[in-house]
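Here is how the chains run, residue by residue.
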Amino acid sequence: MRFLRSAALRGEESRQVLLLMGPVGAGKSALTEHIKGALEGLPYYHLKNDPQRGEPLQLVPRSLRKEFEEMLDVTIDGDISPVVRHLLMEEYDGKYEQFEVVESTFSQRARRGVASVPPMDANSQDVSVLIGSEDISKLDKYSEDDPRALSLNGAFNVGNRGIVELVEVFKNEIEFLHTIITATQEKRIPSPGKHDMLHFDGVILAHCNEAEWNRFQSEHTNEAILDRIVRVDVPYVLELEQEIKIYKKILSRSNFDVHIAPHTLRVASMFSILSRLKHSQKCDYLTKLKIYNGEEVVEKGRVKKIDIRDLRDEAPKEGMHGISTRFIMKAIDNALSDSEKSFITPISMMDSLMKQVKEQIIDLDFANNCLDIIRNTVRNEYLRMLESEIAKAFITAYEEQAQSIFENYLDNAEAFTTKSKMKDRITKEEREPDESFMKAIEGSIGVSTSGREGFRADVTAYMFAKMRRNETIDYRSYEPLKEAIETYLISSVKDLARIVTKSKTRDDEQKQKYSTMVQTLIDDYGYTADSAEEILVYASNNLWRDS
Ligand SMILES: Nc1ncnc2c1ncn2[C@@H]1O[C@H](COP(=O)(O)OP(=O)(O)O)[C@@H](O)[C@H]1O
Ligand SMILES: [Mg+2]
């Protein structure tokens, strides 16, 4: 945005190429499509029958421009094309004020104001793609310098006053790129045939990946072009929620009609992001992932104080390497098209990811690192989520229970902190704060004996500050307390969850509990009967190992 704004204000950027540089699948093409899409359909005025759709004010003769510019408070740049000049003389008798002006809308498909140049190999590349050509069939009718023989249909002609996109720009031979130099610095492009250069005014938007950029940059003969490039890095997404959104978006466009169990895309996205992160001195990879994702990481009753900016400063260039979005999409597609099932789960997702790593990643160190991420970090984190989800599903009316514990804890902590008595809500009887209840909650996230007082004071201060700002509070408001309540609740059913899930034969009561739990997974957590069964089998084999 900064580039485009300065360019619009005639800063040096108006004479530069905007280059998006980043790894494959980081969204360079998608971003470019968005930028072009923003122009699509917008109207602009231009000279009638001008293949370059030039600016009408370019008709104003040089000798009168100063006056016009003052009168209209505009700047008039550039000159009409030879085609327009010819029309002006032949059809309008030189009366520029009578030249017709028409309105068109930007359209990439109709090649109005938006042009895209794919990379071409040495044999097929031809500058006519950029600047048009002379129409040989017309050359027996017109002389060689007659503008009527010109076909100004190159990308720079079409993209005049709009956008010229150069797809994977450095895949082209360098000679092919020289047009860029004049187009940027002089705002002029060569004309086919024997004509003077043509005015060009537009955004030149190019993209490439890092290897191509490095190769290009290392050739000192490319200095002239390098000097005319503003590079913007386009790294991979490093925020988990954003990465998940990418796959949801891509899947919503496909015709796959299979059930995707909860956490499946999360597991895949965790893997891709972990593969992109650089080592930090301050925390482990998973913590870094969570902090980048805006989550609060709780340790010993406190939110871990790691500044996201410090993590970023520690690793400039992060996100320029690692697993690409396409790699993940392929793994998702493979898991989905596995014909035997009509659903995928995090379990089949992890299998598919591992299979694909083994098949496709040639760099052995990186492949091993990837396998390690899936087998350990991702798998363990998934098991942790799974364990608490199953336990939660055993708790009837989980949210209400959590909320009521929260309110109770808050009352107690407040009384403790302000050294006052608790008043029973119903009997109005006064009593001491319930020490053992508070200890149980605090103990579940490892708040130490010496840390208790501080923890209670923190919780109370935090909640009252929120209430003073008229914000609503619930058990999720303060991350350490939320975690304490969840852990407390979950551990209260852990044994039940383990026994009921693992046992092959269940008595009637257990059967009842089990089927209620499965129903909760289906109704509230988004599983189907099949996918719930798959994850429960996985849980009973991998969680709660008999010790
Ligand atoms: N940051 C992102 N935001 C939205 N979609 C993204 C992002 N990164 C990648 N994608 C999606 O991933 C796919 C591949 O991206 P693409 O633009 O073709 O990458 P590139 O041109 O950088 O190789 C596209 O479907 C794109 O929409
Ligand atoms: Mg691309």
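Bear in mind that the values here come from a model prediction, so they are computed numbers and not experimental data. (Residues numbered from 1 in each chain as written. Chains lettered and ligands numbered in written order. Predicted model: local features only at pLDDT ≥ 70, side-chain atom pairs only at ≥ 80, totals over all residues. Heavy atoms only, no water.)

Q: Explain the pairing of strand E10 (residues 203-208) here, please?
A: Successive residues of a regular strand alternate their side chains across the two faces of the sheet. Counting buried positions along E10 gives five out of six residues, so the element sits mostly inside the fold. Pairing of strand E7 (residues 163-166) with E10 involves four bridges; the strand directions are parallel. Residue pairing in the sheet places glutamate 165 in a bridge with leucine 205 of E10. (Buried < 20%, exposed > 50% of the residue type's maximum accessible area, 1.4 Å probe, protein only. Helix = DSSP H or I, 4+ residues; strand = E, 2+ residues; numbered from the N terminus. Pairing = 2+ DSSP bridges.)

Q: Honestly, the nonpolar core in this entry has me stumped. Any pointers?
A: Note on soluble globular proteins: their nonpolar side chains tend to be buried together. Counting residues in hydrophobic clusters, the biggest one holds 90 residues, and the most contacted among them are Phe271 and Leu481. Broken down by element, the residue count for this core peaks at 14 residues, all from helix H16 (residues 364-394). Apart from the residues lying within four places of it in its own chain, the contact partners of leucine 481 are Phe406, Tyr409, Ile441, Phe455, Val459 and Met463. Among the nonpolar cores identified, the runner-up in size contains 34 residues, and Val83, Leu177, Leu198 and Cys208 belong to it. (Core = buried A, V, L, I, M, F, W, Y, C linked by side-chain atoms within 4.5 Å. Contact = heavy atoms within 4.5 Å.)

Q: How should I be thinking about the site of ligand 1 in this particular structure?
A: In the vicinity of ligand 1, 14 residues are found, and the nearest of them are Gly25, Lys28, Ser29, Lys249 and Arg326. Here an oxygen atom of ligand 1 and a backbone polar atom of glycine 27 are 3.1 Å apart. Against a free-state accessible area of 560 Å², the protein chains account for coverage of 75% of ligand 1. Elements that contribute at least two residues to the shell around ligand 1 include exactly helix H2 (28-39), helix H10 (240-252) and helix H14 (325-337). When its residues are assigned to classes, the shell around ligand 1 shows seven nonpolar, four polar and three charged. (Near = heavy atom within 4 Å. Polar contact = N/O pair within 3.5 Å; in protein donor to acceptor, adjacent residues only side chain to side chain. Areas by Shrake-Rupley, 256 points an atom, 1.4 Å probe, with all protein chains shown as cover. Nonpolar A, V, L, I, M, F, W, Y, C, P; charged D, E, K, R; others polar.)

By themselves, these are just geometric observations and shouldn't be taken as functional.
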